[in-house]
Amino acid sequence: MKAEARQKIKEWLLSLPSLFWLCLFFVLPTLFVFAIAFRPSNPYGGISAGWTLDNLRHLADPSYLVVAWRTFWISVLTTVICIFLAVPAGYYLARVSSRWRNFFLMLIIIPFWTNFLIRVFAWKSLLHPEGLVKRLLVFLGLAGPQTSLLYNPGAVVLVSVYTFLPFTILPLYAAAEKFDFDLLDAARDLGARPFQAFWKIFLPGIRSGLITAVLFVLIPSLGSYVIPDIVGGTTSEMIGNKIAQRVFADRNLPQASILSVVLILLVLAPLVAVLVLQRRRGKPEAIL
Amino acid sequence: MPVSSKTISPENPRIRFEYRRLRRALSPFYLFYSFALKKAALFFIIKNLGEDRNELNEFLEFQGISKQFGTIQAVENVSLQIKKGEFFSLLGPSGCGKTTMLRLAAGLENPDAGRILLDGEDITDLPANKRKVNTIFQSYALFPHMTVWDNIAFGLHIAKKPKNEVESEVEKMLRLIRMTDQAQKKPGLLSGGQKQRVAIARALINKPQVLLLDEPLAALDLKLRQRMQIELDMIHDQVGITFLYVTHDQGEAMSLSDRIAVMDSGRIEQVGTPAEIYEAPRTSFVAAFIGDTNFLEGEITDLVDNEYCRLKIAGISGIISFNDKSIRPGNPVFLSIRPEKIHITRDRPEESTLRNIFPAVVEDVIYLGSTTKYWARAEGHRIQILRQHSRFFLDEKPIRWNDQVWIWWHGDDSFMLERYREVDEGLIAVPPQKVGEPDGNNERNNETA
């Protein structure tokens, strides 16, 4: 087994720089955050010495439950809407001729060339009470002059969907491209109606793409801070906002840290669930 | 006898073919009793055809089907009648439209023009999932996320059949394809032959009226292909369903089919039994695509009684041939003679009025073990001869390059083509000309090389 062992050592050595980088700039800071969560806070905005469980008790505050629930349902809704829109898009992109396909892919990717913050601000001005969209809706009679499109959870969901949609379309398109469309012909040949073929054959066929797409939306959305901050207003605070508030406004690092710990665990949960499911199926497939 | 006049006219190539066969068998008596025997022969043929009731039982019918993809005309005005229970093959090179015909029958494509009838019913506008036909795809298209059991049961699940019926049918199918112990495997773990059997079971379980097979053996290696051919034949015999089989492999088509339709560039060149297609091809394409042949262009000089005629071919006169197309003198004609019908000997053969004998020089030899292909030049023409070695090869002094030989064939064994195209000669694989040989065939053969 000498050759095998040597191969293993070589692999480890090659990974060493990346592992080092990950440890120094990722694992260590995360451990720091975990540590700070259990330290008392200093009234002057720092961290005192000693250990305490005060921050943990502070979590029991009922307002946190509201924020957590809001974070959860906004993220899940965003994910559902994104998947709903992206699956037909991926299907269509995989079947259309390559000239059209490149055109549409360009359309999807071009927004990435613009700064993310600027795009969110653009939405803010679009949804402004005197903005274009509002005036159009009032003109069509779909909205009263008093309805506000901005500063509510709906706006957060809308802008989140806008932001994360490309991240769902691309993995779904990648999976659909690898899908053998002959299978749909075979299903039709055997008596399946088009929708039955789509549900029973196509969706299971792009399972890996679906999982990737869901993770690409759900996890960033859970931790989103910028979007609820700019277009959400005070009624749509998410965990990210609360953490930012604790750090910048309240200067209470330990409380911010405990919230971060909660968020990290919330985000890890779906990932772990997927890993466990994969392992149980016996396939050590990469998720991404 | 309830046989329509359409089928018993002398123009029907099938009648001619049967007639020739019978006539040959009776030849010793022929000269004396020719008239009476001809009538008797015709009587027996008609009787046989009348007994063969399926002759007029069109089960799957294409009427004037055309289909275009963009600028490419895949199928052009094709009409075909497939009988119930027969094993019918569509044979042709890649791009001839045979797969398109299959997809049209399955309902996966819609024709631009024409109708498709199944058992008398017009199914042209019926969607694929409602037609009582099932397809076996070239890539098998087994659902990878389902087990073998679920794959086979798919059609019945869609049709919402009761659970116990589904179970018993699937078990029956698994026994038919001999895979009862592999029912819980996923297709990814199966071999090519196993995948194909599952595809067949998945299609047959729905009891379709026609089974469509799209080059199902193309992806298998030779030995497995031979085994699967036998299995397909067995299944066809056992189940009795009409098979429509698409292939570019002539050996497969010839050995499996009851009838073959040869297609080229979206059109049907000829329809017939394998023997008809091989021994009596109507066009140069069919003659060259199936097996090998020699083409000779000439003109009919005169007729010899009602059966034979003499031709003049590029400077050689007096070539005798059976006049199966009843062509008048003075008309140009393309003669085609298959290599195995030509004899090659060192000694001058016996003269006979019905034999065409020529001296020749051997130019190329390809030894194939049980047979040898020779290319010999006779009177300026390059002729291919196939010879079977029925004795130990080295006991007879083998014929080598540059040997002076005699080649001859019987006038009965050549056939005339209704249509000849020079481009079809390219279908026959020929060794290239030797450099410096002055010959009109030069450019053509160099193109094949």
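The model shown is predicted, which means the values in this text are computed figures rather than measured ones.

The rules behind these values
Residues numbered from 1 in each chain as written. Chains lettered and ligands numbered in written order. Predicted model: local features only at pLDDT ≥ 70, side-chain atom pairs only at ≥ 80, totals over all residues. Heavy atoms only, no water. Helix = DSSP H or I, 4+ residues; strand = E, 2+ residues; numbered from the N terminus. Buried < 20%, exposed > 50% of the residue type's maximum accessible area, 1.4 Å probe, protein only. Contact = heavy atoms within 4.5 Å. Areas by Shrake-Rupley, 256 points an atom, 1.4 Å probe, with all protein chains shown as cover. Core = buried A, V, L, I, M, F, W, Y, C linked by side-chain atoms within 4.5 Å. Buried area = accessible area lost by both parts, 1.4 Å probe. Salt bridge = Lys/Arg side-chain N within 4 Å of Asp/Glu carboxyl O. Expected span 1.5 Å × (residues − 1). Bend = angle between axes of the 7 residues up to and from the residue. Pairing = 2+ DSSP bridges. Axes fitted to C-alpha atoms, helices over the stretch in contact; angles between N-to-C directions. Patch = residues over 30% accessible without salt bridge, like charges linked within 9 Å, V, L, I, M, F, W, Y side chains within 5 Å. Parallel < 35°, antiparallel > 145°, perpendicular 65-115°, else oblique. Left-handed = near helix turned anticlockwise from the far one by under 90°. Nonpolar A, V, L, I, M, F, W, Y, C, P; charged D, E, K, R; others polar. Lys, Arg positive; Asp, Glu negative; His and termini not counted. Charge placed at Lys NZ, Arg CZ, Asp CG, Glu CD.

A.B. asks: Which residues make up the overall build of chain B, and what values go with them?
C.D. replies: Within chain B, the secondary structure is distributed over eleven helices and 20 strands. Expressed as a percentage of the 449 residues in chain B, the buried residues total 50%. Residue pairs at least 24 apart in sequence account for 65% of intrachain contacts in chain B once pairs closer than 6 positions are excluded. As displayed, chain B offers around 21800 Å² of accessible surface, 51% of which is attributable to carbon and sulfur atoms.

A.B. asks: Account for the nonpolar core, naming residues and giving values.
C.D. replies: Residues Phe62(B) and Leu244(B) are the most contacted members of the largest nonpolar core, which totals 80 residues. No other element matches helix 7 (residues 153-178) of chain A, which puts twelve residues into this core.

A.B. asks: Lay out the interface of chain A and chain B in plain terms, naming residues and giving numbers.
C.D. replies: Taken residue by residue, the interface counts 17 residues in chain A and 23 residues in chain B. Between chain A and chain B, roughly 1700 Å² of surface is buried when both sides are summed, and carbon and sulfur atoms account for 60% of that area. The interface formed by chain A and chain B holds one salt bridge in total. Where Asp185(A) meets Arg103(B), a salt bridge forms, and the shortest distance between an N and an O atom there is 3.1 Å.

A.B. asks: Give a description of unusual backbone geometry that names residues and reports values.
C.D. replies: All names here are of chain B. Positioned with a positive phi, Asn77 is a non-glycine residue whose angle comes to about 45°. Looking at where Asn77 falls in the secondary structure, it is placed in strand 2 (residues 72-83). Judged by its relative accessible area of 56%, Asn77 is exposed. Phi at Asn402 takes a positive value of approximately 65°, unusual for a residue other than glycine. One can find Asn402 in the loop between strand 18 (381-388) and strand 19 (404-410).

A.B. asks: Quick rundown of helix 7 of chain A? Include the residues and the values.
C.D. replies: Under the 1.5 Å per step criterion, the end-to-end length of helix 7 of chain A is 37 Å for 26 residues, consistent within 8% with the ideal 38 Å. Of all the bends in helix 7 of chain A, the greatest reaches close to 40° and is centred on Phe164(A); the proline Pro166(A) follows between one and four positions later.

A.B. asks: Could you give an account of the sheet that holds strand 11 (residues 294-304) of chain B, naming the residues involved and the relevant values?
C.D. replies: Residue and element names in this part refer to chain B. Taken in spatial order, the five strands make up an open sheet running 13-12-11-14-20, and their pairing is antiparallel. With partners counted over all chains shown, the strands left at the sheet margins are strand 13 (316-322) and strand 20 (415-417), one partner each. Across the sheet, the axes of successive neighbouring strands diverge by a mean angle of 50°, strand direction being ignored. Pairing between strand 11 and strand 12 (residues 308-313): five bridges, direction antiparallel. What sits directly across from Glu299, in strand 12, is Lys312.

A.B. asks: Residues and numbers for a nonpolar patch on the surface, please.
C.D. replies: Nonpolar side chains collect at one region of the surface, where Phe20(A), Trp21(A), Leu22(A), Leu24(A), Phe25(A), Phe26(A), Val27(A), Leu28(A), Leu31(A) and Phe32(A) lie side by side and expose about 1100 Å² of accessible area between them. The topology assignment puts Phe26(A) in helix 1 (residues 2-36).

A.B. asks: How would you sum up the environment of Glu4(A)? Please name residues and give values.
C.D. replies: Inspection of the secondary structure puts Glu4(A) in helix 1. Sequence separation between Glu4(A) and Phe32(A) is 28 residues, and the spatial gap between their C-alpha atoms is 37 Å.

A.B. asks: Tell me what's going on with the environment of Phe72(A), and back it up with residues and numbers.
C.D. replies: Residue and element names in this part refer to chain A. Residue placement: Phe72 occurs in helix 3 (residues 62-95). A relative accessible area of 41% places Phe72 in the partly exposed class. A sequence separation of 173 residues divides Phe72 from Gln245, and the C-alpha atoms of the two residues are 19 Å apart.

A.B. asks: With reference to specific residues and values, describe the packing of helix 5 (residues 116-126) of chain A against helix 7 of chain A.
C.D. replies: All names here are of chain A. Where helix 5 contacts helix 7, the axes come no closer than 11 Å and their chain directions differ by 140°. As judged from the angle between their axes, helix 5 and helix 7 are oblique. For helix 5 against helix 7, the interelement crossing comes out right-handed. Between helix 5, through Phe116, Arg119, Val120 and Trp123, and helix 7, the contact on the second element is made entirely by Leu158, Val159, Tyr162 and Thr163. Residue composition of the contact of helix 5 with helix 7, grouped by class: six nonpolar, one polar and one charged.

A.B. asks: Explain the sheet that holds strand 19 of chain B to me, and be specific about the residues and the numbers.
C.D. replies: All names here are of chain B. An order of 15-19-16-17-18 is seen for the five strands of this open sheet, with the pairing classed as antiparallel. At either margin of the open sheet sits one strand with a lone partner, and together these are strand 15 (343-345) and strand 18. Looking at each pair of strands side by side, their axes are set apart by 40° on average, direction ignored. Strand direction decides the pairing type here: strand 16 (residues 355-367) and strand 17 (residues 371-378), joined by six bridges, are antiparallel. Within the sheet, the bridge partner assigned to Tyr367 lies in strand 17 and is Thr372.

A.B. asks: Account for a positive patch on the surface, naming residues and giving values.
C.D. replies: On the surface, Arg193(A), Lys200(A), Lys130(B) and Lys160(B) cluster together into a patch of positive charge. With respect to the helices and strands, the residue Lys160(B) is situated in the loop between helix 4 (148-158) and helix 5 (163-176).

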